[in-house]
Amino acid sequence: PPPPPPPPPAPAAPPEQTDTTRNIGNTGSTGSTGDTIPAIHDTSGLVRHEEFAGVSSYMRGRLTVEKINNAILELTRHATQNRDMVRAVRKGATAKHMDRKHALWLNQHIVPAVKDSGSKFFVVDQDLKRGTHLPAGSNSSRAILTILRHLGRVTETRLTVDGKAHVIYSLLY
């Protein structure tokens, strides 16, 4: 008799998933210009434990991976809001007065400065001052932003508009 057929190959084991690498779902959506908007729960930009362990201890301080990743999600949320406001103003959509004023200001001053960084998603220090868990100027937020710059998740651009200095964080993930 002929030899028995070989057994079917075993299914590949799923990759090991940790708290920072599990797939939460809600992938990014594609906007009308064809560029992908990062989803708030997209895990591609989150920091892994191995990466965080490679950061010098003087930078880490008392921060944890969870705090860093929460900051990334917060920055992504603000960047997506900025992107949506600028798109709405460009399309002529009506919005609340303050949002429209802020979006016009972003479109006129910040977007041209950010284009050079290669990122289409950005957060201005003003955004961090209003309604965020990552307040601009606090010691922990400065440490978090330093670590994110060190890991290559954000770049920092300083810009003076109408005599006021602004810091722009471009998201690179």
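Given the structure is predicted, the values throughout are model-derived calculations rather than measurements.

Enquirer: So, the nonpolar core: which residues are in play, and what are the values?
Expert: Within the largest apolar cluster, 25 residues are counted, with the highest numbers of intra-cluster contacts made by Ile68, Leu75, Ile147 and Leu148. Put simply, the parts of the chain that give this core at least two residues each are helix 3 (65-91), helix 6 (139-150) and strand 5 (164-171). With six residues, the top contributor of residues to this core is helix 3. When near neighbours in sequence (up to four residues on either side) are disregarded, leucine 75 contacts Val123, Leu128, Leu134, Leu145, Leu148, Val154, Leu171 and Tyr173. Of all hydrophobic cores here, the second largest spans 13 residues; its members include Met85, Val86, Leu106 and Ile168.

Enquirer: Explain the pairing of strand 5 to me, and be specific about the residues and the numbers.
Expert: Counting buried residues along strand 5, six of its eight residues qualify, which places the element largely inside the surrounding structure. For strand 3 (residues 122-124) and strand 5, the ladder comprises three bridges, and the chain directions are antiparallel. When the bridges of strand 5 are listed, valine 124 appears paired with isoleucine 168. Inspection of the sheet shows strand 4 (residues 154-161) paired to strand 5 by eight bridges, in the antiparallel sense. Of the residues in strand 5, the one forming a bridge with leucine 159 is histidine 166.

Enquirer: Lay out the pattern of salt bridges with the relevant residues and their values.
Expert: Overall, the coordinates contain six salt bridges when judged by the stated rule. Across the pair arginine 48 and glutamate 50 runs a salt bridge whose closest N-O atoms are separated by 3.6 Å. Owing to a relative accessible area of 39%, arginine 48 belongs among the partly exposed residues under this scheme. A relative accessible area of 55% means that glutamate 50 is categorised as exposed. Residues arginine 158 and glutamate 156 are paired through a salt bridge, measuring 2.9 Å at the closest nitrogen-oxygen approach. A residue is classified by how much of its surface remains accessible, and arginine 158, at 63% relative accessible area, is exposed.

Enquirer: So what's going on with helix 3? Which residues, and what values?
Expert: An ideal rise of 1.5 Å per residue puts 39 Å on 27 residues; helix 3 measures up with 39 Å between its terminal C-alpha atoms. Residue glycine 92 follows helix 3 closely and has a positive phi angle near 80°.

Enquirer: So, the packing of aromatic side chains: which residues are in play, and what are the values?
Expert: As enumerated under the stated definition, the model contains zero aromatic pairs in all. One cation-aromatic arrangement involves arginine 60 over phenylalanine 52; the distance from NZ or CZ to the ring centre is 5.9 Å. Positioned above the aromatic ring of phenylalanine 121 is the side chain of arginine 83, whose terminal nitrogen or guanidinium carbon lies 5.6 Å from the ring centre.

Enquirer: Quick one: what's the story with the environment of leucine 63, residue by residue and with numbers?
Expert: Its place among the elements puts leucine 63 in the loop between helix 2 (57-60) and helix 3. By relative accessible area, leucine 63 is classed as buried at 12%. Considered as a pair, leucine 63 and serine 140 are 77 residues apart in the sequence and their alpha carbons are 7.8 Å apart. For leucine 63, the contacting residues outside a window of four places in its chain are Phe52, Ile68, Ala143, Ile144 and Ile147.

Criteria and cut-off values
Residues numbered from 1 in each chain as written. Predicted model: local features only at pLDDT ≥ 70, side-chain atom pairs only at ≥ 80, totals over all residues. Heavy atoms only, no water. Core = buried A, V, L, I, M, F, W, Y, C linked by side-chain atoms within 4.5 Å. Buried < 20%, exposed > 50% of the residue type's maximum accessible area, 1.4 Å probe, protein only. Helix = DSSP H or I, 4+ residues; strand = E, 2+ residues; numbered from the N terminus. Contact = heavy atoms within 4.5 Å. Pairing = 2+ DSSP bridges. Salt bridge = Lys/Arg side-chain N within 4 Å of Asp/Glu carboxyl O. Expected span 1.5 Å × (residues − 1). Phe/Tyr/Trp six-rings, centres within 6.5 Å; stacked < 30°, edge-to-face > 60°. Lys NZ or Arg CZ within 6 Å of the ring centre and 35° of its normal.

Any link to function would need more than the numbers given here.
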